[in-house]
Structures are given as structure tokens and as C-alpha cells.
Amino acid sequence: MNERSRTLLWIREFNPKQVFTWRHLSTAHLSLRQLAKTLAMGQGLAGLICGTAITSQFLASNFHVNTPMLQSFLNYLLLTVTYTTMLLCRTGDGNFLQILKRRWWKYLLLGLVDVEANYTVVKAYQYTTITSIQLLDCFVIPVLMGLSWWILKARYRLIHSVAVCICLLGVGAMVGADLLAGRDQGSTSNILLGDGLVLLSASLYAVSNVCQEYTVKNLSRVEFLGMVGLFGTIISTIQMVILERNEIPAIQWSWEVGLLFAAYALCMYALYSFMPIVIKLSSATSVNLSLLTADLFGLFCGIFLFHYNFSGLYVISLVVILIGFVAFNAVPTPTAATDSSPSSSPAATCEEGCSENPVDAQELQPTEDRRKRSTSGPEQSYGSTELGTRM
């Protein structure tokens, strides 16, 4: 039977009642609810980034405090106190010592990448303009897609590329609004160096986010945050002592400065804690697309806090970015077949509150059930095995 005959046969046997069933409607409802949940959580992360930007702006402009490594150190310290302590309380193969023994050098490199990604983007503000940083920071999206295709075996479709282009158009509208409003501020002492630092930061963020997606989907969120927090604390401490040994003693401490430091640390802590949840729900690329609205939220807050000029292009930019984000997540991203299964990892099992020690499945079954299965015929035994595999 050729293609035309199969198409005609499908049209002849088509029954609309078989399509518009409660099952299909419920599936569509779940998909929309999942999309709305991803959108809301992504914008929540963007709001947290906006909070870090506002507190840093207040510290720099009102109190002349410019200590990015100290601020990062507070975040990593909170992660260590929370999640590394949880790892220390683990028992079995996924405990803290076993993780250090098997993967310590990987988390050391990941912590170094994460610390330097945060530092280089802050350092770039000393050499280039805000407009350049906003534009070049979008370089994280194509790098993320390339790394996801290579490492995570993600296979993007045409709609995903179109959605990314729509989001980047929204960023272009935001930058255009900044230029029209006269917000092209920042230093121009060494634009080439500043732009290079932004591109380096975007690449490091992409590497960190891809590693984060792989870890939370194949190992556990607690392991990622605990180990990154531990090594991030060590690295940021060393770098802070070297680079900010003069700036930290010069801080004029007051309750306002302490409150701003605390607000920044809590926003970063919440961002690091909740981002793995959203990444596990969607993907690292999807999360970074949603974070493109963080600058817009900062601009909207700056209109009231720092008296920025308002432009209608800001609203258009927000709508365009959200449309691109919805289009990207409307179609699932297929992945190539892999041998590993996230649900079978011991650490993922431990995070859900189960024991990490593998137990033979037959030991968990009643003796009478095993006796029935052993006396059944070949077809019945095969069916039982197939059902267990699907489960």
C-alpha cells in the first residue's frame, strides 16, 4: 500500500469522537499547566536576579561598596551550610566521602567555572558599556544549545531555533529602548577587553548550566549544590583575600549596608536553590531564555528607585521574549537514546528519601507471589517481566 492509499484510508476511517476525548483534553490541560508552571518559575528566577542587581546597585551607588567576591562568598557559604551539611548526613554509597572520592576533581573544576563566571561579568562593567554587556551576554544561549546537543544529546527542532531568535529580537528591542532613553552607561576604557570578558562569562555560565542539568537529572540536586557550595566557598575565599584585601576593610559598615549584603546573599541563595528545580522540569536553555527578562524587571524597578526614563519598547520587549519562551517550551526537545536512566541513580533515589543500598526485587516480594510466578507458564512469565520493565 503506497502513501496515498494509506492517507485516503486514514481519512475514511477518521472519527472525531476518538480525538476529542477526555483523555486528550486532560493531556492538553496537563501540558498547559506544565508550561504555565515553567513560565512562572522562570520569571521567579528572573525576579531573584533582579533583586541581586538592585542590591548591588544600591551598594555601589549609595555606599561606594564594590566587593563582588565577598558577595559571592556569602552565597557559597550559605550553600555549604545547607546542602553540604545534608550530604554529610547521608549514608551509603552516595555519602559525602564517597562523592569526594569519586568526583572531587570534577566539582573542583565546576566550582572554579561558576566562581569565575560570576566574577568576569562583574569585572566587565569596568571596561565596557551596559549595552554591550546586555547584547553579548546573550551569547550564552547558542553556546548552551551547542553544549546540550553535544553532551546532553538534545536534538532541537526548527521551532526551537525560531523561538530563540524571537527572544533575541526582544533583547534587541530592550537595548534599543536603552539607547533611546540615554542609558548607554558604563566605562569605555577598554571596550575590547570588556566585551571579551562578557563572552568569557557567557561561555562559563553555559558550561556551568549544562553540568548542572546533567547532575540534577542523573545524580541529585543536593549533591550539585553541596559540592559547588563547598568548592565555591574555598575558591571565592582565596580570590577574595587576593583581590579585595583593600576594599573590604574600607567598607563603612551600617545596618543599611548589612541589610543590603543580606538581601543580596539571600537572593543568590534562593536563585541557586531553585534553579536546579526549574532546570530539571525543563532544560538549561529554557531557563536561560526566561532569565532574559531579568534586565527588564531591573529596568522597571529602576524607574521607581533610580528614576530611569520609561519607554514603551520595554513592554514590547517583555512580550516578545515571553512569546519566544512559550514557543520554545511548547514543543518538547527530543533527546538521543542514552544508556543511563536518571531514575535509576542511587543519589536520585536518596534525594527522594529512599535507601541507596540496592536490594534484589525478589526479596521485596511476598513468598507466595514468588511461588505463583515460578509455577506460571512461559507466556505468563514473559508478560510479568515485560510489565516490570515498563514500570
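Keep in mind that this is a model prediction, so the values were computed, not measured. Numbers given to residues run from 1 along each chain, matching the order in which its sequence is written. Only residues with pLDDT of 70 or above have their local features reported here, since the model is predicted, and side-chain atom pairs are shown and tallied only from 80 upward, although totals for entire chains, interfaces and linings are computed over all residues. To get the side-chain values, all heavy atoms of the structure are used, and hydrogens and water are removed first.

1. Let's talk about the overall build of the protein
- Put simply, DSSP marks the helices as runs of H or I at least four residues long and the strands as runs of E at least two long, and each gets a number from the N terminus on. Per the secondary structure count, the protein includes 17 helices and zero strands.
- Each residue is assigned to one of three classes by its accessible area relative to the maximum for its type, calculated with a 1.4 Å probe on protein chains only: buried under 20%, partly exposed between the two thresholds, exposed over 50%. For the protein, the residues scored as buried account for 42% of the 391 residues in total.
- Surface exposure of the protein reaches about 21,700 Å², of which carbon and sulfur atoms provide 65%. Each accessible area is a Shrake-Rupley estimate made with a 1.4 Å probe; only the visible protein chains count as cover when residues are assessed.

2. Overview of the pattern of salt bridges
- Here, a salt bridge means any side-chain nitrogen of Lys or Arg that lies within 4 Å of a carboxyl oxygen of Asp or Glu. The final tally for this structure, using the stated rule, is two salt bridges.
- The partner of Glu-223 in a salt bridge is Arg-103, with the nearest N and O atoms 2.8 Å apart. Taken together, the residues Glu-223 in helix H10 (residues 221-243) and Arg-103 in helix H5 (residues 96-124) connect sequence positions 120 residues apart. The pair formed by Glu-223 and Arg-103 is uniform in burial state, with each residue classed as buried.
- Linking Lys-217 and Glu-213 is a salt bridge whose minimum nitrogen-to-oxygen distance equals 3.0 Å. In this pair, Lys-217 and Glu-213 are both assigned in helix H9 (residues 191-218), four residues apart and thus about one turn of the helix distant.

3. Quick notes on the environment of Thr-38
- Along the chain, Thr-38 turns up in helix H3 (residues 22-62).
- When the C-alpha atoms of Thr-38 and Leu-281 are compared, they prove to be 7.2 Å apart, with 243 residues separating the residues in sequence.
- Note on definitions: a residue-residue contact is assigned when non-hydrogen atoms from the two residues lie within 4.5 Å. Residues contacting Thr-38, with those up to four places away along its chain left out, are Leu-281, Ser-282, Ser-286, Phe-325 and Asn-329.
- Under this definition, polar contacts are N or O atom pairs within 3.5 Å; protein pairs additionally need one hydrogen-donor-capable and one acceptor-capable atom, and for neighbouring residues in sequence, both atoms have to be side-chain atoms. Engagement of the side chain of Thr-38 in a polar contact is seen with the backbone oxygen of Gln-34, the distance being 2.9 Å.

4. Here we look at the packing of aromatic side chains
- Classification of ring pairs uses Phe, Tyr and Trp, with its six-membered ring standing for Trp, and accepts pairs whose centres are within 6.5 Å; under 30 degrees between planes counts as stacked, over 60 as edge-to-face, and the remaining range as tilted. Overall, the coordinates contain four aromatic pairs when judged by the stated rule.
- Their ring planes at 80° and their centres at 6.1 Å tell us that Tyr-76 and Tyr-272 sit as a pair that is edge-to-face. Within this pair, whereas Tyr-76 is found in helix H4 (residues 68-88), its partner Tyr-272 is found in helix H11 (residues 255-281), the two being separated by 196 residues in sequence. For the residue pair Tyr-76 and Tyr-272, the accessibility class agrees, reading buried in each case.
- Centroid distance Trp-253 to Phe-261: 5.3 Å. Interplanar angle 35°. Geometry classified as tilted.
- With a relative accessible area of 53%, Trp-253 lands in the exposed category.

5. Observations concerning the environment of Gly-258
- In this fold, Gly-258 is placed in helix H11.
- Sequence-wise, Gly-258 and Leu-59 are 199 residues apart; in three dimensions their C-alpha atoms are separated by 9.9 Å.

6. Remarks on a nonpolar patch on the surface
- Candidate patch residues must exceed 30% relative accessible area and have no salt bridge, after which like charges are joined if within 9 Å and Val, Leu, Ile, Met, Phe, Trp or Tyr side chains if within 5 Å. A cluster of nonpolar side chains, namely Ile-234, Ile-238, Val-241, Ile-242 and Leu-243, defines an oily patch on the protein surface of about 450 Å² accessible area.
- Note on placement: Val-241 falls in helix H10.

7. Observations regarding unusual backbone geometry
- Although it is not a glycine, His-64 sits at a positive phi angle of roughly 55°.
- Relative to the helices and strands, His-64 is located in the loop between H3 and H4.
- On the basis of relative accessible area, His-64 is assigned to the exposed category, the value being 70%.
- Look at Lys-153: it is not a glycine, yet its phi comes out positive at around 60°.
- Counting through the fold element by element, Lys-153 comes out in the loop between helix H7 (140-150) and helix H8 (158-180).

8. Overview of the side chain of Thr-120
- Tracing the chain through its elements places Thr-120 in helix H5.
- Take Thr-120: its relative accessible area is 7%, and that puts it in the buried class.

9. A closer look at helix H14 (residues 312-330)
- In a regular helix each residue adds 1.5 Å, so 19 residues correspond to 27 Å; H14 covers 27 Å between its end C-alpha atoms and thus fits that length.
- Those residues of H14 lying buried are Tyr-314, Ser-317, Leu-318, Ile-321, Gly-324, Phe-325 and Phe-328. Buried residues of H14 fall within an arc of 130° about the axis and therefore sit on the same side. In this analysis, the expected span of each helix is defined as 1.5 Å times one less than the number of residues it contains. Throughout, the arc means that of the directions going from the helix axis to the C-beta atoms.

10. Considerations on the packing of H9 against H11
- Close contact between H9 and H11 brings their axes to 9 Å; oriented N to C, the two are set at 75°. In this view, H9 runs roughly perpendicular relative to H11, as classed from their interaxial angle. On the side of H9, the interface is formed by Asn-209, Gln-212, Glu-213, Val-216 and Lys-217, while H11 contributes Met-275, Pro-276, Ile-279 and Lys-280.
- The class makeup of the residues in the contact of H9 with H11 is four nonpolar, two polar and three charged. For every element, the axis is a line fit to its C-alpha atoms; helices are fit only across the contacting stretch, and the angle between N-to-C directions ranges from 0 to 180 degrees. Roughly parallel here means an angle under 35 degrees, roughly antiparallel means over 145, roughly perpendicular means 65 to 115, and every remaining angle is called oblique. Under this grouping Gly is polar, as are all residues other than the nonpolar Ala, Val, Leu, Ile, Met, Phe, Trp, Tyr, Cys and Pro and the charged Asp, Glu, Lys and Arg.

11. Some words on the nonpolar core
- Residues grouped as a nonpolar core are buried Ala, Val, Leu, Ile, Met, Phe, Trp, Tyr and Cys residues, joined through side-chain atoms within 4.5 Å. In terms of nonpolar packing, the biggest core is built from 76 residues, with Leu-45, Leu-289 and Leu-296 touching the most fellow members.
- When residues in this core are grouped by element, the largest group, twelve residues, is from H11.
- Here Leu-289 is in contact with Ile-141, Val-164, Cys-167, Ile-321, Phe-325 and Phe-328, once residues within four sequence places are set aside.

12. Some remarks on the side chain of His-160
- Within the element layout of this structure, His-160 appears in helix H8.
- In contact with His-160, other than residues within four places in its own chain, are Phe-328, Val-331, Pro-332 and Thr-333.

13. Focus on the confidence of the model for the protein
- For every residue, the predictor reports its confidence as pLDDT, a number between 0 and 100. Residues with a pLDDT of 70 or more make up 75% of the protein, whose mean pLDDT is 78.
- The spread of mean pLDDT over the elements of the protein runs between helix H17 (residues 378-390), the lowest at 36, and H10, the highest at 95.
- This stretch, residues 17-29, has a pLDDT under 50; its non-local contacts, to residues over four places away or in other chains, come to three contacts.
- With pLDDT under 50 throughout, residues 338-391 is counted as low confidence; its partners more than four residues away or in other chains account for 39 contacts.

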